[in-house]
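Analysis of the macromolecular model
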Amino acid sequence: MDNVYHIPAMLNETIEGLNIKPEGVYVDVTFGGGGHSRAILEAGAGHLYSFDQDKDALQNAIEDERWTFVHSNFRYLRNWMDFYGVEQIDGLLADLGVSFHHFDCPERGFSFRFSAPLDMRMNQTAKRTAADIVNGYSEEELAQILWLYGELKNGRGIARNICRARAQKPIERTEDLVAAALNVRLGSLGNLGNLGELDIPTNAKKDLARLFQALRIEVNDEMGALREMLVAARDLLKPGGRIAILTYHSLEDRLVKNFLRSGNLEGEIEKDFYGNILTPFTILEKGRTACAEEVESNPRSRSAKLRVAEKKG
Ligand SMILES: C[S@@+](CC[C@H](N)C(=O)[O-])C[C@H]1O[C@@H](n2cnc3c(N)ncnc32)[C@H](O)[C@@H]1O
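The following paragraphs examine the structure supplied in this document.

Conventions we followed
Residues numbered from 1 in each chain as written. Predicted model: local features only at pLDDT ≥ 70, side-chain atom pairs only at ≥ 80, totals over all residues. Heavy atoms only, no water. Axes fitted to C-alpha atoms, helices over the stretch in contact; angles between N-to-C directions. Helix = DSSP H or I, 4+ residues; strand = E, 2+ residues; numbered from the N terminus. Parallel < 35°, antiparallel > 145°, perpendicular 65-115°, else oblique. Left-handed = near helix turned anticlockwise from the far one by under 90°. Contact = heavy atoms within 4.5 Å. Core = buried A, V, L, I, M, F, W, Y, C linked by side-chain atoms within 4.5 Å. Buried < 20%, exposed > 50% of the residue type's maximum accessible area, 1.4 Å probe, protein only. Domains from an automatic or database assignment. Expected span 1.5 Å × (residues − 1). Arc of directions from axis to C-beta. Pairing = 2+ DSSP bridges. Right-handed = clockwise from strand over helix to strand, strands pointing away.

**Looking at the packing of helix H7 (residues 155-168) against helix H8 (residues 174-182)**
- Taken N-terminus to C-terminus, the directions of H7 and H8 make an angle of 120 degrees; their axes are 7 Å apart at the nearest point. Comparing the axis directions of H7 and H8 gives the class oblique. In the packing of H7 onto H8, the handedness of the crossing is right-handed. The segment H7 lies against H8, with Ile158, Asn161, Ile162 and Ala165 engaging Leu177, Ala180 and Ala181.

Pasting the structure below:
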């Protein structure tokens, strides 16, 4: 497909937030289409390490001797920095979640709009697919994921429908999941060809988007990877170094917000004897959103929230 790989959200705001220093060492843990990475280099970074666990991102490789691509999950940030002999960094960017490319490639199974294998792995060599979860988790486990990661009010009912359908036949394709979740016949989703567009009732799209989001987060252990990366980033940042994070759903945003406020994953605020808050960060952006013009030209930026913090001296 020759669709745009990705359009970076809040590009200027993010680069401003990072306050790029000439000769500084930077990390973009979510390379994707490389829009943010290119801007970091253009702003004069000394060296940039860009991570992506999806090898498709390499089609956007940057020819610049200051640039290193790391094909890995960002949860291994610390190990990779050790490997490259980097003890401290001047800044880190994380633009979380998936790229347009993932939704626009029907065969990857991220989108409920197309008939495809139920996959959703960002790292194509990972073992667990969305089909494994949908067929293998208990009804209670599925209901919990749909509630936690999809904020689906009727998650319990959808989990029940899924379990009823899989008792008849394993759920292997996106259309099987859509039919199961909506409790409709497969035939009602149109004339299904592999990778063909499904005929989805308009009023079901919101719930299906949430169902697919929840499964994607679970398949890729997005919350677990984010936790590990945040801790490594805190420890790697130099005093005065900046961290900029773009979040796209409330659970990851709450984790990032509490981590930047407290400096720990529990979000526990420590105080000294005099009641002063002890935290490694000064907060610079508290969840800024894209301006109206950006949302108009790139509707997928509407859920982005930018948080920026500086490591204290
Ligand atoms: C929203 S896109 C980033 C887009 C990028 N900022 C740009 O300008 O094009 C997120 C990217 O991060 C990658 N990604 C998500 N979670 C990851 C993780 N835990 N480790 C490594 N890469 C990850 C995805 O494969 C995707 O390409």
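After that view, the rundown keeps rolling.
**Focus: the nonpolar core**
- Within the largest apolar cluster, 69 residues are counted, with the highest numbers of intra-cluster contacts made by Leu77, Leu92, Leu211 and Ile243.
- The dominant element in this core, judged by the number of residues it contributes, is helix H10 (residues 222-236), at 8 residues.
- Inspection of this core shows a minimum of three residues originating in each of domain 1 (11-100 + 222-311) and domain 2 (127-219).
- Isoleucine 243 has contacts with Leu92, Leu230, Ala233, Leu237, Leu260, Phe281, Arg307, Val308 and Ala309, leaving out every residue within four places of it along the chain.

**Quick word on helix H6 (residues 139-150)**
- Its 12 residues give H6 an end-to-end C-alpha distance of 15 Å, which sits within 8% of 16 Å, the value for a rise of 1.5 Å per residue.
- Of all the positions in H6, only Leu142, Ala143, Ile145, Leu146, Tyr149 and Gly150 are classed as buried. Here the buried residues of H6 occupy an arc of 165 degrees about the axis, which is enough to place them on one side.
- Phi turns positive, to about 50 degrees, at glutamate 151, one or two residues after H6.

**Observations regarding the pairing of strand E1 (residues 25-28)**
- Here E1 pairs with strand E2 (residues 47-51) via 4 bridges, running parallel. Looking at the pairing, valine 27 lines up with tyrosine 49 of E2.
- Handedness of the crossover joining E1 and E2 through helix H2 (residues 35-42) is recorded here as right-handed.
- As judged from the 3 bridges shared by E1 and strand E4 (residues 89-95), these two strands associate in the parallel manner. Counterpart to tyrosine 26 in the pairing with E4 is glycine 91.

These results come straight from atomic positions and should not be treated as a statement about function.
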